[in-house]
Amino acid sequence: GSLSKVEESQLNEKENKNVADGLAWSYYFGYLKFVLPELEKQIEKTSKFRSKEKFVKKMFILIPSNCFWDDKIPGSDYDPQNRITFEGNTEPLEKTRGGVKLRHYKHSVYEIKDGENEPWFCIMEYATPLLTLYDMSVAQPGELSREERDAQVVVFLRKLQDILEGDRACQGKYELVTFSPDRDLADVMLRKLKDSELEIGG
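All of the points below concern the structure found in this document. (Residues numbered from 1 in each chain as written. Predicted model: local features only at pLDDT ≥ 70, side-chain atom pairs only at ≥ 80, totals over all residues. Heavy atoms only, no water.)

Quick word on the sheet that holds strand β7 (residues 174-179)
Two orientations exist for strands paired in a sheet by backbone hydrogen bonds: parallel and antiparallel.
Reasoning step 1: Pairing in this open sheet of 5 strands is mixed, and the strands run β2-β5-β6-β1-β7 from one edge to the other. Across the chains shown, the open sheet's two edge strands, defined by having one partner strand only, are β2 (84-89) and β7. Taking the axes of each pair of neighbouring strands and ignoring which way they run, one obtains an average angle of 40° across the sheet.
Reasoning step 2: Strand direction decides the pairing type here: strand β1 (residues 55-64) and β7, joined by 6 bridges, are parallel. Paired with Ile61 across the two strands is Leu176, which belongs to β7.
Reasoning step 3: Packed onto the sheet, helix α2 (residues 19-35) meets β1 and β6 (119-126) and runs at close to 165° relative to β1.
Reasoning step 4: Docked against the sheet, helix α6 (residues 146-165) engages β1 and β7, running at close to 170° with respect to β7. (Pairing = 2+ DSSP bridges. Helix = DSSP H or I, 4+ residues; strand = E, 2+ residues; numbered from the N terminus. Axes fitted to C-alpha atoms, helices over the stretch in contact; angles between N-to-C directions. Contact = heavy atoms within 4.5 Å.)

Encoded structure:
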């Protein structure tokens, strides 16, 4: 016979079907919901970046398909030609969160040189919840198979997109950048930056 709702829910939990959903929601409520609406203001407050010409003022959230990175963007395996350089941080956004008074949230700004050696500027961050999926598939044998992990990335991506698009204050303030680890991130990003500039009418 068919499964009852409770059995279905237990099965979903058992198979980790809800993990990516939960990760997307906590990433939104714990971070993106309050940093994205303030992003442009924080860039404008930072004198070093205020007047940069080719600065696409969105947060580019990086989603490697294998969920893994080693905490650096320039000089990582994803940047084989060293075309990405770290340029500094935005002025920190101060928020009281979870009983901790005035947490500081700052964003890393990167420069990427295009084919004409023209510098483009943007904020890039890895989607940190993906490390949880990576750890579950590697550190906890049997918790999450590689196939399940790959499926979870897709669920995470769709859920996050839905959540952010449903929040008017976040619309147009971010780009989700999916890429496979064998791609050069500078190429992927330059395409995104140029598309965004056309979109904004820059």
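Considering the layout of surface pockets
Reasoning step 1: Its boundaries defined by the atoms lining it, the largest pocket holds a volume of some 200 Å³.
Reasoning step 2: At the level of secondary structure, the elements contributing two or more residues to the lining of the largest pocket comprise α2, β5 (108-113) and β6. (1 Å grid on protein atoms, 1.4 Å probe; cavity = no way out; pocket = protein on both sides within 12 Å on 5 of 7 lines; lining within 4 Å. Points joined across faces, edges and corners; volume = space filled by probe spheres on them.)

Comments concerning the pairing of β5
Reasoning step 1: Burial of β5 is extensive: 5 of the 6 residues sit out of reach of the surface.
Reasoning step 2: Examined bridge by bridge, β2 and β5 share 5 bridges and lie antiparallel to one another. The residue of β5 that forms the bridge with Thr85 is Glu111.
Reasoning step 3: As paired strands, β5 and β6 are joined by 5 bridges and run antiparallel to one another. Within β6, the position partnered with Glu111 by the bridge is Phe121. (Buried < 20%, exposed > 50% of the residue type's maximum accessible area, 1.4 Å probe, protein only.)

Focus on helix α5 (residues 130-138)
Reasoning step 1: All of the buried residues in α5 are Leu130, Leu133, Met136 and Ser137. Summarising the axial view, the buried residues of α5 lie within an arc of 120°, below the 170-degree limit, and thus occupy one face. (Arc of directions from axis to C-beta.)

Description of the packing of α5 against α6
Helix packing for two helices is described by the angle between their axes and how far apart those axes are.
Reasoning step 1: Running from N to C, α5 and α6 cross one another at 165°; their axes reach a closest spacing of 10 Å. When the interaxial angle is binned, α5 and α6 end up roughly antiparallel. At the point where α5 passes α6, the crossing takes the right-handed sense. Counting all contacts with α5, which are made through Leu130, Leu133, Tyr134 and Ser137, the residues of α6 involved are Arg149, Gln152, Val153 and Phe156. (Parallel < 35°, antiparallel > 145°, perpendicular 65-115°, else oblique. Left-handed = near helix turned anticlockwise from the far one by under 90°.)

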